Amino acid sequence: MGPTVRLNLTKILEATGELQNFLDLGNARLKAEGALSQESSEALIFGMADELEDHLRAMRDRQGSASIKDLRIWTRAWIDERREMLSKGSPPQEDRG
């Protein structure tokens, strides 16, 4: 088994140019949820980050490696899928890979 590299989601989002899209999705999710406490809002955003990180890790594991281009494609697909679910009024479900 090769070396494991811990994913740094913030750096990935910055490097792929998807940080603003992730933040916009988070904002849309918060608006859709209505009035939440600070703690609940943070839990929602951190939960989204965990889901995205799990998704990227699963995709990388399937492929065996990941380039920045791969990460950008996988991240954009994840964000787009959740935006679509949100626009249809269904809560995004956690992705298990």
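As a reminder, the structure under discussion sits directly above these lines.
Computed from a predicted structure; not experimentally measured.

1. Remarks on the pattern of salt bridges
Pairing is possible between side chains that carry opposite charge, provided their charged atoms lie close to one another.
Part 1 of the reasoning: Within this structure, the stated rule accounts for eight salt bridges.
Part 2 of the reasoning: Asp61 is paired through a salt bridge with Arg60; the nearest N and O atoms lie 3.7 Å apart.
Part 3 of the reasoning: Across the pair Glu81 and Arg82 runs a salt bridge, and its minimum N-O distance is 3.0 Å.
Part 4 of the reasoning: Each of Glu51, Glu81 and Arg82 takes part in a single network of salt bridges with overlapping partners.

2. Topic: the side chain of Ser41
Part 1 of the reasoning: One can find Ser41 in helix H3 (residues 38–63).
Part 2 of the reasoning: For Ser41, a relative accessible area of 17% corresponds to the buried category.
Part 3 of the reasoning: If near-sequence neighbours (up to four positions away) are discounted, Ser41 is found in contact with Leu30 and Leu36.

3. With respect to the nonpolar core
Part 1 of the reasoning: With 15 residues, the main nonpolar core has Leu9, Phe22, Leu25, Met48, Leu52, Leu56 and Trp78 as its most contacted residues.
Part 2 of the reasoning: Setting aside its immediate chain neighbours within four residues, Leu9 contacts Ala49, Leu52, Glu53 and Leu56.

4. A closer look at the environment of Gly26
Part 1 of the reasoning: Within the secondary structure, Gly26 sits in helix H2 (residues 19–33).
Part 2 of the reasoning: As for Gly26 and Ile45, which are separated by 19 residues in sequence, their C-alpha atoms are 6.1 Å apart.
Part 3 of the reasoning: Not counting the four nearest positions on each side in its chain, Gly26 is found in contact with Ile45 and Met48.

5. Things to note about helix H4 (residues 68–87)
Part 1 of the reasoning: The first and last C-alpha atoms of H4 sit 28 Å apart over 20 residues, in line with the 28 Å expected at 1.5 Å per residue.
Part 2 of the reasoning: Every buried residue of H4 is accounted for by Asp70, Leu71, Trp74, Thr75, Trp78, Ile79, Arg82, Met85 and Leu86. Buried positions in H4, seen along its axis, are confined to an arc of 155° and lie on one side of it. Across from the buried face of H4, at angles greater than 90 degrees, the exposed residues are Lys69 and Ser87.

What counts and what doesn't
- Residues numbered from 1 in each chain as written.
- Predicted model: local features only at pLDDT ≥ 70, side-chain atom pairs only at ≥ 80, totals over all residues.
- Heavy atoms only, no water.
- Salt bridge = Lys/Arg side-chain N within 4 Å of Asp/Glu carboxyl O.
- Helix = DSSP H or I, 4+ residues; strand = E, 2+ residues; numbered from the N terminus.
- Buried < 20%, exposed > 50% of the residue type's maximum accessible area, 1.4 Å probe, protein only.
- Contact = heavy atoms within 4.5 Å.
- Core = buried A, V, L, I, M, F, W, Y, C linked by side-chain atoms within 4.5 Å.
- Expected span 1.5 Å × (residues − 1).
- Arc of directions from axis to C-beta.

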